[in-house]
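Understanding the architecture of this molecule
Here is how the chains run, residue by residue.
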Amino acid sequence: MSTLASCDRRTTRAGTWQSSWLAAMMVIKSARRVFTPGSRPPAELLPLVEPVLRLRDALRASPPDDEETRRSAADLVADTDLIQWACQPDQPREIREFGASLGWLSMTLAT
């Protein structure tokens, strides 16, 4: 079992945008725990700040733009090495959860 698959035990078979949307919302929720004003995230995660903000803004858009949200989500999960790094057992829980949510989003976008 790959590191990415073992990191994220949740699976989705629907392959619909609804499952990707839910995964994207989980990424935003877990990112809030990692990128808090009082904490200093590891340097490895700093390149994800901008893509997380773009995804958040795309999810908040009114009316929603599913294509822009998909693009933002795909940009965010493009670095699979970073997702695997975040899922390592020696990472703090918040970072592992963030990595798992990224892995889940990646899987939903691929189906």
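Above this note sits the structure.
A brief report on the enclosed structure follows.

Things to note about the nonpolar core
- Formed by 23 residues in total, the largest nonpolar core has its most connected members in Leu-55, Phe-98, Leu-102 and Leu-105.
- Looking at this core, the elements with two or more residues in it are helix 2 (17-34), helix 3 (49-60), helix 4 (66-76), helix 5 (80-86) and helix 6 (93-110).
- It is helix 2 that contributes the most residues to this core, six residues altogether.
- Once residues lying within four places of it in the same chain are set aside, the contact partners of Leu-105 are Ser-20, Ala-23, Ala-24, Val-27, Leu-55, Ala-73 and Val-77.

Comments concerning unusual backbone geometry
- Cis rather than trans, the peptide bond between Ser-62 and Pro-63 has omega equal to 0°.
- If you trace the backbone, Pro-63 turns up in the loop between helix 3 and helix 4.

Rules behind the numbers
Residues numbered from 1 in each chain as written. Predicted model: local features only at pLDDT ≥ 70, side-chain atom pairs only at ≥ 80, totals over all residues. Heavy atoms only, no water. Core = buried A, V, L, I, M, F, W, Y, C linked by side-chain atoms within 4.5 Å. Buried < 20%, exposed > 50% of the residue type's maximum accessible area, 1.4 Å probe, protein only. Helix = DSSP H or I, 4+ residues; strand = E, 2+ residues; numbered from the N terminus. Contact = heavy atoms within 4.5 Å.

Such coordinate-based values are descriptive only and should not be taken to indicate function.
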